[in-house]
There are 2 protein chains.
Amino acid sequence: MAGAKETNVPFSRESLEQLLKRRFFYAPSFEIYGGVAGLFDFGPPGCAFQNNIIDAWRKHFILEEDMLEVEATMLTPYEVFKTSGHVDRFSDWMCKDLKSGEIFRADHLVEEVLESRLKGDKLARGENIKDEEEDDENKKKRKKKVKEIKHVKLDDKVVEEYENVLAQIDGYSGPELGELITKFEITNPGTGGKLEPPVEFNLMFDTAIGPSGNLKAYLRPETAQGQFLNFSKLLEFNNDKMPFASASIGKSFRNEIAPRAGLLRVREFLMAEIEHFVDPEDKSHAKFDAVKDLKLKFLPKGVQESGSNELIEKTIGEAVGSGMVDNETLGYFIARIYLFLTKIGTDPSRLRFRQHMSNEMAHYASDCWDAELETSYGWIECVGCADRSAYDLSVHAARTGEKLVVRQPLAEPRVVEKFEIEIAKKKFGPRFRKDAGVVEKWLVSRTQCELEDLGKELKKDGKINVQIKGIEGNIELDSDLISIEKVKRTEHIREYIPNVIEPSFGIGRILYSIFEHQFWARGDDAERGVLSLPPIVAPTKVLLVPLSNSVELQPIVKKVSNVLRKEKIPFKVDDSSASIGKRYARNDELGTPFGITIDFESVKDESVTLRERDSTKQVRGSVKDVIDAIKEITYSEVSWDEGTSKLEVFES
Amino acid sequence: MAGAKETNVPFSRESLEQLLKRRFFYAPSFEIYGGVAGLFDFGPPGCAFQNNIIDAWRKHFILEEDMLEVEATMLTPYEVFKTSGHVDRFSDWMCKDLKSGEIFRADHLVEEVLESRLKGDKLARGENIKDEEEDDENKKKRKKKVKEIKHVKLDDKVVEEYENVLAQIDGYSGPELGELITKFEITNPGTGGKLEPPVEFNLMFDTAIGPSGNLKAYLRPETAQGQFLNFSKLLEFNNDKMPFASASIGKSFRNEIAPRAGLLRVREFLMAEIEHFVDPEDKSHAKFDAVKDLKLKFLPKGVQESGSNELIEKTIGEAVGSGMVDNETLGYFIARIYLFLTKIGTDPSRLRFRQHMSNEMAHYASDCWDAELETSYGWIECVGCADRSAYDLSVHAARTGEKLVVRQPLAEPRVVEKFEIEIAKKKFGPRFRKDAGVVEKWLVSRTQCELEDLGKELKKDGKINVQIKGIEGNIELDSDLISIEKVKRTEHIREYIPNVIEPSFGIGRILYSIFEHQFWARGDDAERGVLSLPPIVAPTKVLLVPLSNSVELQPIVKKVSNVLRKEKIPFKVDDSSASIGKRYARNDELGTPFGITIDFESVKDESVTLRERDSTKQVRGSVKDVIDAIKEITYSEVSWDEGTSKLEVFES
C-alpha cells in the first residue's frame, strides 16, 4: 500500500475496542442475555476478515505445499484423549478463595500480582510507567482484580527475584506455583482473602454421546488428534509417498478458568493446524534453501532461563545450522509462518519466535517455538510450531493395536540382526485356553530391547515370568513354549513411525493482533480511526461512492458495479446522503482499502477517482484502468505506486 | 458438461460407498478406535468438495443478496434454548426394550416394521420388489434390525391402513406412536421383545461452562438462535434498512437416538442457514419476478393428509398466486434453493418440495416447505424453508427485556388510539419497596389487549389484583397508583417485530445426495465407477497426465502447471508409471472433470489433448485454448460443445 500513515495520536486500546464493537467486527455472544465470558460472535466485517485470512492460509500452506486437508469431528470419545494424554494432563492450575468462592488461574494470579508490585516499586522510585498501561480499561480491570497499586519500594534483590519468576512464568508446575504463592504471600487481590493451594482443572468440555449416556466424550481442544487417527488413510491417499502433511481448519474448545483479554483467551476458537509427517532419520526439507536467508527475531530457551528477554536476530539458515532450531523442516515452517503472518498484516517488528523452555515443553517434544505477537496485553503466543516426535502415532498405535507406520521399500536389501521370538502355537491353546490369543499378541508386540532382555532371562532360567494386562496373576513361559534367538534377516522394507512437525495457528489471536498493529487515528483527530488491513484480507476491497444522489450518476454506478462483480472483487455501494468525508470515514474504520468516487465528470468521459485509504492519495483514470490497478494491488501484491503508474494524480 | 453417460450397470449403493471410502471422501471417525455411530471425517476430496459447495452457497446466496454473514458460537447457555423452546421440545421419541436394553427411535421403528410387512405382503402376492432394495448392504441391515421378511399376505384393508400411516409418519406425536405400536403389535424386531411406551429424549448435547460447573450449556442444534440474538446489531449494521437477511455457515450437533444411513443422519454436521427479516405486513419480494416462471414439483400438505404422495408440477408464480405457498418471499427462496441445488449437481427429476403437514409444523410457523432429494434411502429432507413468523424475536425479547424491533419512520404521521398506563411513581417506592422496579416493568410491558382488560377491571373495582413473576403473593394496584386510559396519539414511527423466513441447508445430506445422483459405472463394467460432479464443485478440476516418464515431457508439464496455477485452477499432476487408462479411472472416481494429456507431439508444437470425464470425448489444441475452455466450462458454466468449439476433435 501507499504506506504513509500520518498520525499524532498514541495507540489507544479503548478506541480500537470501541471501533471493533461499533462496526460489529465482533461482540460478546449472548449479549442480550448478559453474555458469557470467553465467547464472542463475529459480525459481517469480522466474518469476512476471518474468511479472507483462512483463504490466505489455505493458499499459503495447503495449496503451496500440496497438503491433504482433513475435517474431523469436534466430538471425540473419552478413549482418544485418554490415550493422547489430554485427560490426565490438559489442565491449568486454579486457586480458590474458600470464603468468597472466587476462582483464580494460579499462574495468571502470580503474574498479575508480581507485575503490580513491580509497578508499585517503580512508582515509589519515582519512575514513569508506560502510558498505554494506564488507560481507562486497564484501570477498571485492575480495580476489579488487583487492588490499587501501592507505591511500595521493594528491595533490589526482591525486584530481581520477581523479574526472574516472571521471565519463566510459563514453566512452573502447580506445586511450584503453590510455593510461589506462599513465599510471596499472594492472596485474593480483591479481598486479601487466603487462597487454597492450586488444584488441577481439566480444560476440556465434556458431554455424552447417545441415548444411554454411557459414551463419555469431549469437545476437542485441538484438531491434531483427528489428523493422527486418519494417518494410514492419508498415507494411502498420498500413494504412500513421504514426507507429506495434512491440515485441518476448524473450531476447538477450552474451558478456560478465567477468560480475559477479549479475543486472546476464549473458550471456543478457530484453529488451523498442520501435521507434517517426516522420516525421523531425515528431517531435511526440499524447499529450505528458498527461505534460509530470511532474518528473524528469536528468544531461545537459554536466554529465558537466565531471566532475560533479549532477542537474537539471525537468519533461519544460521538458526538451524547452529542447532538452535532443531532441524530444517521445523526451520522451514518457522520461516513460512513468518511470511504468512507478515503478508496478512502483522507488524514484523512486533513478531518474535520464542522457544519453549525445557520445563515448559511436552516431554515427548524435541523442540518447540511459538510465534508471538506484541500487543497492548504483552507478547501473545499466536502460532505454535513443535516437533512432536513420534509420540502421538505411537500412543494411538499402542492403544488400538493398529500399525501407524510407513513401509519404505529399500533401494538395496539389507541384512539385519534382530531378536525374533518363536512360539509353539499348538501348545498355547491347551496351556492358556481363552488367554492364548492375548499372550501371543503380547509376545509379538515386544520391542527389540525387551526381546533381548527376555531372551537372556529365558536362557538363564529356562523360563520367564511376565505380567500381561487383562490377565490376572503371573504368566510363566518356558523354553517348550517359546524361544528367542538373534537371527540374520535380509530386509527389503524399512518400517518406521514418522515424526510430526506441527505448526498450529490460533486464528482469533492473530486476527486481534492485526487489529492492534494496524489501528491508528488520522492526523490529530483521535475520533478518525483507520484500520489499515492489507487489501488481500480486508473484508471489503472497494467502496463505490457516487458524489450525489442524482439519477444522472446511476448508470455509471451500475456499470462500475457490474465490472467489479464480474471481476469478483468484493465491494459495497454507499449512495446514502451522508457527506463523502463521512462515508469514507466509516470505511476507514471498516478497513476498506480503496474508494472509487463517481462524479459528474464520470458521466461525460467514464473516468473515476481512486482513493487510497492510508494516505488518502487520489488518482484518476478510466474505469478499466482503475479496476486493473485495484486487482494488481490486491491480488498480485504490487505497491500503490506501481499499481497506479498508468493513472493520473488527482487533487480534488 | 458433455452429458453422455453410457452405462448398462444399475445403481449400486454398495459400490458407491466402497468408492467413497476407497478414495477417502469420508470415513467413520475414530475408526481405529472402533468408530462412533453418527460421526464422520472428511478426507481430502471430501473436504475440497464440501469447501466448493460452501463457496458456491456463499456466492449464490450471501453475495447475490448482500446478506450479512454472522458467526456465532456453538456453545450456548441453557437460558437461550429454554427461551427458544428447544429445552422443552427439541426431542425425539424413543422406546426401550427393557430386557435387552436396546433403544429404538419410535417413528423409525414403526416405519421400518410396516414397510417390511408391506414387502412381505407383496412377496406373498407374488409381486416383484425393486432390485436395489435387495442389495447386500440392505440385506445385512435388515438382518440386524428387522428379521427376515416373512412372506405374509395382509388383508387389503390393512395394506391401505399401513400405507396411510407411512404417508403421515412425520406427523405423529409420541403418544400416537405408542398407540400405533400397540395397535400393530410392534416389538423389538431382532428379538420380538416387548417395548416400553415411547418417552421423550432431548437431542441436544449438554455440557457446563467455567470452573465452577454451574453454568449449564448446550451445543447448538442449529445456527439460527445466534442470528436472532444479534438482530439489533445487524439491523444497525444495515443502516436500519429493511428487509435484510443474515446468514451463518457452521457446525451444529444433534444427539441422534439411532444414527443411520451414513451422512444422512449424523450427530455433528455442517449447516448453512439464512434468516431473512421481513415486514409482516409486506412479504413481497423485489426479485420474485425473476424466478416466477420456474417450474417445480410440489407435494402439498393436503395431498399427504389424504394418504397420497402424488407430485403437483407448477410454476412458483402459480404456487404463490394460488396461496399454496404462503408468500412471495418464501416462494422466492424456494426457487433460489432449486437453482442452487441443481447448479451443484442434484438431479432435478429427483428433487421435490414437500410442505409440512399441519400437525408436523411448529406451532408458530405460518408455512414450511422442505426441499427433498430422492436417494436409495427414500426422499430425504435436505433444505428446510420455513416462515417462522415473529416467534423467535418475540420470545427472546420477552425473556431479556431487550426490544428486538424495527422502527420505521412513517411517510405521514398517523393518529392512533391506544391504551396507555400512567403510574404514580412517587407512591410506588414507599408502597412496593424493593419490588417497585419489577412491578413498574411488568406494567409497562403489557400488551394492548391486556391493558384493555386491566383498564376495565380497574374501572369496575377501583383496583386490580395481579401476579408477577419473581414476587410472592398477589399484588394489589388501585386507582391511586395507576390509571389506564384510551388516548389518541400522533405517531411518526411504526414499530414492529419482523417476521423471519428461514432457508436452512443440511450440507452433508446434500453432498451425499449428489454422490448418489452422479454416480454411475462406465459401459458394462461395474468396477469402472464415475462420479460426475459438476466442474464448479469437483474437488480437483484437472488431471495433468504426461504420456510417459520421459524427461523430454517435463518442461511442458511444468509449463502447463504454471499456467493452471496462475489461473487458480485446482489441478493434480499424475506422473506415476500406471497406464493412462488406470490414471484416468482413478480420477473418474475422484470426480475430476478434465484431463490434459501431454505427449511427444506436445513437445513439438505445444498442443495438448483435453479429455472430458463423462463422455471420454477428446479434443486437441494449444495450451492456452485448452485452459481457456476449462475456465469457460468450469466458472462460466458454458457447455462442453460451446467451450471447446475452437478445439479439434481428437481420436487417439
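Within every chain, residues take consecutive numbers counted from 1 along the sequence as written. Chain letters start at A and ligand numbers start at 1, both assigned in the order the entries are written. Only residues with pLDDT of at least 70 get local features here, since the model is predicted, and only at 80 or more are side-chain atom pairs given and counted; chain-wide, interface and lining totals rely on the full set of residues. The basis for every side-chain value is the complete set of heavy atoms in the structure, and neither hydrogens nor water enter the calculation.

Chain A is annotated in an unreviewed UniProt entry as glycine--tRNA ligase of Candida parapsilosis. UniProt positions are given in the numbering used here, feature names are shortened, and annotations may be inferred rather than shown by experiment. Regarding chain A, the UniProt comment filed under Subcellular location (unreviewed entry) reads as follows: "Cytoplasm". In its Sequence similarities (unreviewed entry) section, the UniProt entry covering chain A states "Belongs to the class-II aminoacyl-tRNA synthetase family."

Attention now moves to the interface of chain A and chain B. Contact between two residues is taken to exist if any of their heavy atoms lie within 4.5 Å; hydrogens are not considered. Of the residues lining the interface, 72 residues belong to chain A; the matching set on chain B comes to 72 residues. In total, chain A and chain B occlude about 6100 Å² of area from one another, counting both sides; carbon and sulfur atoms represent 63% of this. The largest per-residue losses of area from chain A upon contact with chain B belong to A:Ile32, A:Tyr33 and A:Glu71, which jointly make up 13% of the total buried on that side. For salt bridges, the criterion is a side-chain nitrogen of Lys or Arg within 4 Å of an Asp or Glu carboxyl oxygen. Counting every contact that joins chain A to chain B gives six salt bridges. With a shortest N-O distance of 2.9 Å, B:Lys251 and A:Glu71 are connected by a salt bridge. Whenever two N or O atoms come within 3.5 Å, that pair is a polar contact, provided that in protein one can donate a hydrogen and the other can accept it, and provided that, for residues adjacent in sequence, both atoms are side-chain atoms. On the surface where chain A and chain B come into contact, there are 28 residue pairs in polar contact (both at pLDDT 80 or more). Buried area: the accessible area, evaluated with a 1.4 Å probe, that two parts lose upon being put together, summed over both parts.

Okay, empty space enclosed by the protein next. Residues and elements named next belong to chain B. For cavity detection a 1 Å grid was placed over the protein atoms alone, and a set of points counts as a cavity when a 1.4 Å probe fits there but cannot get out; an open set counts as a pocket when protein lies on both sides within 12 Å along at least five of seven lines, with lining residues being those that have an atom within 4 Å of a point. Grid points are joined across faces, edges and corners, and a volume is the space filled by probe spheres set on the points. In total, this model carries seven cavities of 30 Å³ or more according to the counting rule given. By volume, the largest cavity amounts to about 140 Å³. What lines the largest cavity is a set of 14 residues, and nearest its centre among them are Phe40, Phe42, Glu268, Phe269 and Leu270. Listed by contribution, the elements that provide at least two residues to the lining of the largest cavity are strand E2 (40-42) and strand E11 (268-278). When residues of the lining of the largest cavity are assigned to their parent elements, the largest contribution, three residues, is made by E11. Each residue gets one label: Ala, Val, Leu, Ile, Met, Phe, Trp, Tyr, Cys and Pro are nonpolar, Asp, Glu, Lys and Arg are charged, and the others, such as Gly, are polar. Tallied by class, residues from the lining of the largest cavity come to seven nonpolar, four polar and three charged. Strands are runs of DSSP state E lasting at least two residues, helices are runs of H or I lasting at least four, and both sets are numbered from the N terminus onward.

Note that the residue after A:Met242, namely A:Pro243, is joined by a cis bond; omega there is -10°. Tracing the backbone through its elements, the reader meets A:Pro243 in the loop between helix H10 (231-237) and strand E10 (244-253). Here the phi dihedral of B:Asp66 falls at roughly 55°; this positive angle occurs in a residue that is not glycine. Within the fold, B:Asp66 resides in the loop between helix H2 (44-65) and strand E3 (68-69). One non-glycine residue with positive phi stands out, namely B:Asn239, at about 55°. Within the fold, B:Asn239 resides in the loop between helix H10 (231-237) and strand E10 (244-253).

All names here are of chain A. Within strand E16 (residues 378-389), nine of the 12 residues are buried, which leaves it mostly tucked inside the rest of the structure. Any two strands between which DSSP finds at least two bridges are classified as paired. When strand E15 (residues 367-375) meets E16, the two strands line up antiparallel, connected through nine bridges. Counterpart to Thr375 in the pairing with E16 is Gly378. Connecting the antiparallel pair E15 and E16 is a turn made up of two residues. Relative to strand E21 (residues 499-506), E16 runs antiparallel, the two being bridged by six bridges. By the bridge assignment, Asp387 is partnered in E21 with Ile501. Note on classification: 1.4 Å probe, protein chains only; a residue is buried when its accessible area is under 20% of the maximum for its type, exposed when over 50%, partly exposed between these limits.

This part is about the sheet that holds strand E25 (residues 571-573) of chain A. Residue and element names in this part refer to chain A. If you trace the six strands from one edge of the open sheet to the other, you get E25-E24-E26-E27-E28-E29, paired in mixed fashion. The two strands at the open ends of the sheet, each matched to only one other strand, are E25 and strand E29 (648-649). Bridge analysis of strand E27 (residues 607-612) against strand E28 (residues 618-622) gives five bridges, and the strand direction is antiparallel. The residue bridging Ser607 from the neighbouring strand is Ser622, located in E28. For every element, the axis is a line fit to its C-alpha atoms; helices are fit only across the contacting stretch, and the angle between N-to-C directions ranges from 0 to 180 degrees. In this fold helix H19 (residues 554-566) packs onto strand E24 (542-546), E25 and strand E26 (594-598), with an angle of close to 170° to the strand it touches most, E24. Helix H22 (residues 623-635) contacts E24, E26, E27 and E28 of the sheet and is inclined by roughly 125° relative to E28.

Moving on, we come to the sheet that holds strand E9 (residues 215-219) of chain A. Residue and element names in this part refer to chain A. The three strands are arranged E4-E9-E8 in an open sheet whose pairing can be described as antiparallel. Looking at which strands have only one partner, the edges of the open sheet turn out to be strand E4 (75-77) and strand E8 (206-209). With direction set aside, neighbouring strand axes in the sheet form an average angle of 45°.

Structurally, the position occupied by A:Gln50 is in helix H2 (residues 44-63). In this structure A:Gln50 comes out as buried when scored by relative accessible area, which is 3%. What A:Gln50 contacts, discounting residues up to four positions off in sequence, is A:Phe42, A:Leu270, A:Ile507, A:Leu511 and B:Glu71.

Residues and elements named next belong to chain A. Running from amino to carboxyl end, helix H5 (residues 106-124) crosses helix H7 (residues 156-167) at an angle of 145°, the nearest separation of the two axes being 10 Å. Two packed elements cross with a definite hand, and for H5 against H7 that hand is left-handed. Between H5, through Val110, Glu111, Leu114, Glu115, Arg117, Leu118 and Asp121, and H7, the contact on the second element is made entirely by Val159, Tyr162, Glu163, Val165 and Leu166. Of the residues assigned to the contact of H5 with H7, the class counts are seven nonpolar, no polar and five charged. Each crossing is labelled by how the near helix is turned from the far one, with a counterclockwise turn of less than a right angle marking it left-handed and a clockwise turn marking it right-handed.

Residues A:Ile316, A:Phe505, A:Phe515, B:Ile316, B:Phe505 and B:Phe515 are the most contacted members of the largest nonpolar core, which totals 206 residues. The contact partners of B:Phe505, leaving out residues within four places of it in the chain, are B:Trp57, B:Phe61, B:Leu270, B:Met271, B:Ala272, B:Ile274, B:Ile337, B:Phe340, B:Cys382, B:Val383 and B:Ile510. In this text, buried Ala, Val, Leu, Ile, Met, Phe, Trp, Tyr and Cys residues form a nonpolar core when linked through side-chain atoms within 4.5 Å.

Residue and element names in this part refer to chain A. This structure, assessed with the given rule, holds 106 salt bridges over all chains. Asp588 is the salt-bridge partner of Arg611, the closest N and O atoms lying 3.1 Å from each other. On the criterion of sequence distance, the pair formed by Arg611 in strand E27 and Asp588 in helix H20 (residues 580-589) is long-range, its members being 23 residues apart. By relative accessible area, Asp588 is classed as buried at 4%. Connected via shared salt-bridge partners are Asp170, Arg352, Arg354, Glu360, Asp370 and Glu372.

Let us now look at the relation of the copies chain A and chain B. These two copies of the chain differ by a rotation about an axis and a displacement along the same axis. Fitting of the copies onto one another was done by least squares over C-alpha atoms, counting residues only where both copies have pLDDT of at least 70. The transform that puts chain A on chain B rotates by 180° and translates by 0.0 Å along the axis, for an RMSD of 0.2 Å. What we have between these two chains is a two-fold relation. Across chain A, the rotation axis passes nearest the C-alpha of A:Thr207, at a separation of 2.6 Å.

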